[in-house]
Amino acid sequence: MMNAFAARFSFALLVPTTFLVGLTAAAVRAQNDLYNPIPIPERNQVSDTLTDQDIPTGEGGFARDYTIELSAGDQVAIDLISDSFDTIVTLLASDGSTIAENDDGPDGTTNSLLFSRITETGTYIIRVRAFGETGGGPFTLKVTRLRPI
């Protein structure tokens, strides 16, 4: 009789555990569908469009994220150009912390130019967004690995 009780009790514990694992897997799949940064192509340049279908920033605007593999010691220039909106470019580490950010480049325009030296090898995120609450449209993002002369 004790074995029958134990069998029913262990079955009752296994069912909720299996159910929770199923929910967790479904949540991960849903999260991956919601946030899926775009890999930067090998030519290191992207022509794209920022829209209200991109990631809400919480400040009324939107952002679009791209991933890039960088190595310790890399020096990069990230150039974000748009005739449609005032650009901001941010370089984020894989843990989401901000490495560097730039609003306006040195040429006096509202385009962004960011320079950074990479200290750890890994996957980085380049975030494209508009200054202020609204803004969007076509843009060009270019990443250049700088080499010493």
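Conventions adopted
Counting of residues starts from 1 at the beginning of each chain's written sequence and follows it residue by residue. Totals for whole chains, interfaces and linings use all residues, but because this is a predicted model, local features are given only for residues with pLDDT of at least 70 and pairs of side-chain atoms are given and counted only at 80 or more. Only hydrogens and water are set aside; all other atoms, that is, all heavy atoms of the structure, feed into the side-chain values. The helix and strand labels rest on DSSP assignments: H or I over at least four residues marks a helix, E over at least two residues marks a strand, and numbering proceeds from the N terminus. Polar contacts, as counted here, are pairs of nitrogen or oxygen atoms within 3.5 Å of one another; within protein the pair requires one atom able to donate a hydrogen and one able to accept it, and residues that are adjacent in sequence qualify only if both atoms are side-chain atoms. Note on classification: 1.4 Å probe, protein chains only; a residue is buried when its accessible area is under 20% of the maximum for its type, exposed when over 50%, partly exposed between these limits. Here, a strand pair is defined by DSSP locating no fewer than two bridges between the strands. The convention used is that axes are lines fitted to C-alpha atoms, helices contributing only their stretch in contact, and that angles between N-to-C directions extend from 0 to 180 degrees.

## Things to note about the side chain of S112
Phase 1: Within the fold, S112 resides in strand 8 (residues 112–117).
Phase 2: A distance of 2.5 Å separates a polar side-chain atom of S112 from the backbone oxygen of D103.

## Focus: the pairing of strand 6 (residues 87–92)
Phase 1: The buried fraction of strand 6 is high, at six of six residues.
Phase 2: The side-chain alternation of strand 6 yields two buried faces, one formed by T87, V89 and L91 and the other by I88, T90 and L92.
Phase 3: Relative to strand 9 (residues 122–130), strand 6 runs antiparallel, the two being bridged by six bridges. Its bridge partner lying in strand 9, L91 is registered against I126.
Phase 4: Pairing geometry for strand 6 and strand 7 (residues 98–102), over four bridges, is antiparallel. Bridge pairing in strand 7 links T90 to E101.

## A few points about the sheet that holds strand 10 (residues 137–146)
Phase 1: The sheet built from four strands is open, its strands ordered 2-10-5-8 with antiparallel pairing. Each of the sheet's edge strands pairs with one partner strand only, and the pair in question is strand 2 (45–50) and strand 8. Each strand of the sheet is rotated relative to its neighbour by a mean of 20 degrees, with strand direction disregarded.
Phase 2: Sheet topology places strand 5 (residues 75–81) next to strand 10; seven bridges connect them, and they run antiparallel. Note that in strand 10 the partner of I81 across the bridge is T140.

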